[in-house]
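# Remarks on the overall topology
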Amino acid sequence: MSWLGPQEWQAVLLSLKVAFWATALSLPVAIFTAYALARWVFYGRQALNILVHLPLVMPPVVTGYLLLVLFGTQGPLGVALEAIGLSIAFRWTGAVLAAAIMAFPLMVRAIRLSIEAVDPALEEAAATLGASRVWAFATVTLPLALPGILAGAVLGFAKAMGEFGATITFVSNIPGETQTLPSAVYAFLQVPGGESSALSLVLIAVVVATGALVASEILAQRMNRKASGE
Amino acid sequence: MNLSVSITKQFQGFTLNSTLELPDGITVLFGASGSGKSTLLGAIAGLVTPDAGRIQLGERVVFDSQAKVNVPTHKRGLGYMFQDARLFPHLSVEKNLNYGSYFAVNKPSEAEKRQVIEMLGIGHLLKRRPVKLSGGEKQRVALGRALLSKPDMLLADEPLAALDAARKAELLPYFERLRDEKSLPVVYVTHSVSEAARLANTVVSMGDGRILGQGSAAEVLADPALVPDGVRGVASLLQAVVSKHSDDGLSELDAGGQVLILPQVNQPVGSQLRVRVAAQDVILSKTRPEGLSALNIVESQVVSLRQGGGPGAIVTLETAAGELHARITRRSLERLDLQVGQSCFAVIKTVSIAREDIG
């Protein structure tokens, strides 16, 4: 790809890496949270629901700022992570954290809907056949909810790729470290003559987003057919 | 295996308060909708948590509110059949059947699998998805799936209630085979008198969350206090063997030497059957009636007379076919001047016996 300069290329690769890890890390937590919200009645359920959705409605800059306060070099969690050798402030790992938190509500929403669509009576049936809760989930609910889980993962991935506000506030815009694709577009637009670089990145973003959506649609249709037993 | 249950559970405005000791064989928990029988079954399986009490399966205590014991469903070793089959839609029939054996301690052998599949006639369905099955087929697969999890006891919650009459008739014989061929204790919940009559070794009658009474199917069905419709629901249960099929749509059965002519039965000659005869469908005569359209005239002797506050009375007769109950008016009783020990003739119209009452 000769039309892509090294800085652009770096930004694309970094974005893919950040989005991959953000999705991979938050997916299990999102599945667990969605299951808890869909199936369990517990004290603080509504509070958890609100907490999960906050990043969706709060200004991303605010989320980024809160991350900075908590996970920055002086922040309590940042100091704790530093102590175990994991530095995230102004590192690509911080971008992963920001993207994961911003993608989380979207993933939980999609996954929760698909878990709610699975009849809990089937889990009872599995229990009467000897399956513990975890096994019943793994062998019945999880495969039946898979379309929604995949859709959630793809949405989360797309959101993580596109995350800008929280990322730039939390880990800044350092080429090669924290300059993701949207940050790079923003940076190019700030300098004279940067439009052509920005344009190629914009094209890539559009292609990646469209491809992800098409892939998730095809997968979801296949899984739906499988789940309905045809 | 003995089951003993003593629990209370507050639900939907009334309290279930049951003390129950169950013998082996098929026990039918029998009562109107909302009598608490499904809740009781759910409590035995651990799907419903009682407010207080104790449940013991054989030697194992699976629930004890005082000792804070509550064994989770998957460790109780019980099979469960739901009203809706609850097959796993993403798995083939074969994988549904095998589901329980992944978790079973003593797994079913290939021979046992084949035997269950053969008994239920589901061999041709193995590769199909549940969505492609009829209601009756789904319940057969659900029964097979429960049996192949090798439970210590099978609980069935109105397994036929969602099926139409034809599917019910198709499924009942499988439960009869289960009763006659396997030594598995079964607790079977139903509100249908005919299912109770055909399947039960023991009937437990429930109402308003309480156990009203318990006994053999014949005893319970003859007791106006235990059947759902009171005196109107009283019936006799006769044991009979199919002796002949006629080509005019009737079958002849032999009940202890007494010939009974009934609507065509689908079982082959030699099959052992139960016939439920509603007490209000039996007519009594002091002399042998002649010129009568009814085909069954049974010689009998009066064993007991029961009169309540209403206009009716229940006359219990000893016949070659066993005990037979007749519900007649007190006025008829006076007019006939029937006494205990007296001989009389019981008349049963062939067509008054529904096909679902024979089997």
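Notes on the structure follow. (Residues numbered from 1 in each chain as written. Chains lettered and ligands numbered in written order. Predicted model: local features only at pLDDT ≥ 70, side-chain atom pairs only at ≥ 80, totals over all residues.)

## Quick notes on the overall build of chain B
Keep this limit in mind: Counting from the N terminus, the helices are DSSP H or I runs at least four residues long and the strands are E runs at least two residues long. The atom set for the radius of gyration is the C-alpha atoms, and the globule formula is 2.2 Å times the number of residues raised to the power 0.38. Three classes are used. A residue is buried when 20 or more other C-beta atoms lie within 10 Å of its own, exposed when 12 or fewer do, and partly exposed in between, with C-beta atoms placed from the backbone. Note on contacts: residues are paired as contacts if their backbone-placed C-beta atoms lie within 7 Å.
The secondary structure content of chain B amounts to 8 helices and 20 strands. Taken over C-alpha atoms, the radius of gyration comes to 22 Å for chain B, in line with the 21 Å a tight globule of 359 residues would show. Looking at chain B as a whole, 44% of its 359 residues are labelled buried. For chain B, the share of sequence-separated contacts (at least 6 apart) that also reach a separation of at least 24 residues comes to 66%.

## Overview of the environment of Thr178(A)
Residues and elements named next belong to chain A. You can see Thr-178 is positioned in the loop between α8 (165–171) and α9 (181–190). C-beta crowding within 10 Å serves as the criterion here: with 23 such atoms nearby, Thr-178 is assigned to the buried category. Distance in space between the C-alpha atoms of Thr-178 and Val-62 is 18 Å, their sequence separation being 116 residues. Ignoring anything within four residues of it in the chain, the contact list for Thr-178 reads Phe-90, Arg-91, Trp-92, Gly-94, Ala-95, Thr-167, Val-171, Ser-172 and Asn-173.

## Topic: the sheet that holds strand β11 (residues 210–216) of chain B
Two orientations exist for strands paired in a sheet by backbone hydrogen bonds: parallel and antiparallel. All names here are of chain B. Put simply, the rule reads: Two strands qualify as a pair provided DSSP detects at least 2 bridges between them. With axes taken as lines fitted to C-alpha atoms, and helix axes fitted only over the stretch in contact, angles between N-to-C directions fall between 0 and 180 degrees.
Spatially, the 6 strands line up as an open sheet ordered β7-β8-β9-β3-β10-β11, and their pairing is mixed. Edge strands, defined here as strands with exactly one partner in the open sheet, are β7 (78–81) and β11. Each adjacent strand pair in this sheet contributes to an overall mean axis angle of 20 degrees, direction not counted. Strand direction decides the pairing type here: strand β3 (residues 26–30) and strand β9 (residues 186–190), joined by 5 bridges, are parallel. Bridge assignment links Ile-26 to a residue of β9, and that residue is Val-186.

## Remarks on the interface of chain A and chain B
Cut-off, in case you're wondering: Amino acids outside the nonpolar list (Ala, Val, Leu, Ile, Met, Phe, Trp, Tyr, Cys, Pro) and the charged list (Asp, Glu, Lys, Arg) are all regarded as polar, and Gly is one of them.
Listed as interface residues are 18 residues of chain A and, on the opposing side, 21 residues of chain B. Of all the secondary-structure elements, those providing two or more residues to the side of chain A that touches chain B are α6 (120–128), α7 (133–162) and α10 (195–227) of chain A. Tallying contributions element by element places α6(A) first for the side of chain A that touches chain B, with 6 residues. Split by residue class, the side of chain A that touches chain B holds 10 nonpolar, 5 polar and 3 charged.

## Let's talk about the packing of helix α1 (residues 6–39) of chain A against α7(A)
Residue and element names in this part refer to chain A. For the record, the criterion: Comment on the angle field: the value is read as roughly parallel under 35 degrees, roughly antiparallel over 145, roughly perpendicular from 65 to 115, and oblique elsewhere. Whether a crossing is left-handed or right-handed is set by the direction in which the near helix is turned from the far one by less than a right angle, anticlockwise for left-handed and clockwise for right-handed.
Orientation of α1 relative to α7, taken along the N-to-C sense of each, is 140 degrees, at an axis distance of 9 Å. In this view, α1 runs oblique relative to α7, as classed from their interaxial angle. Relative to α7, α1 is oriented so that their crossing is right-handed. Packed against α1, whose contacting residues are Ser-15, Val-18, Ala-19, Ala-22, Thr-23, Ser-26, Leu-27, Ala-30, Ile-31 and Tyr-35, the element α7 presents Phe-137, Ile-149, Gly-152, Ala-153, Gly-156, Phe-157, Ala-160 and Met-161 at the interface.

## Some thoughts on unusual backbone geometry
Residue and element names in this part refer to chain B. One non-glycine residue, Arg-86, lies in positive phi territory at about 55 degrees. Following the sequence through the fold, Arg-86 ends up in the loop between β7 and α2 (93–98). Since 23 C-beta atoms lie within 10 Å of it, Arg-86 is described here as buried. One non-glycine residue, Lys-150, lies in positive phi territory at about 50 degrees. As for its position among the elements, Lys-150 is in the loop between α4 (135–148) and β8 (153–157).

## Observations concerning the packing of α6(A) against α7(A)
Each pair of packed helices can be summarised by the angle the axes make with each other and by the distance between the axes. Residues and elements named next belong to chain A. At a minimum axis distance of 10 Å, the contact between α6 and α7 shows a crossing angle of 135 degrees. Accordingly, the angle class assigned to the pair α6 and α7 is oblique. The two elements α6 and α7 meet at a crossing, and its hand is right-handed. Note on element contacts: α7 touches α6 through Ala-136, Thr-139, Val-140 and Thr-141, opposite Leu-122, Glu-123, Ala-126 and Ala-127. Split by residue class, the contact of α6 with α7 holds 5 nonpolar, 2 polar and 1 charged.

## Points about the pairing of strand β4 (residues 52–57) of chain B
Residues and elements named next belong to chain B. Note that strand β1 (residues 3–11) and β4 share 6 bridges and pair antiparallel. Its bridge partner lying in β4, Ser-4 is registered against Gln-56. Where β4 and strand β5 (residues 60–64) come together, 4 bridges link them in antiparallel fashion. Counterpart to Ile-55 in the pairing with β5 is Phe-63. What sits between β4 and β5 in their antiparallel hairpin is a turn of 2 residues, with Gly-58 showing a positive phi close to 60 degrees.

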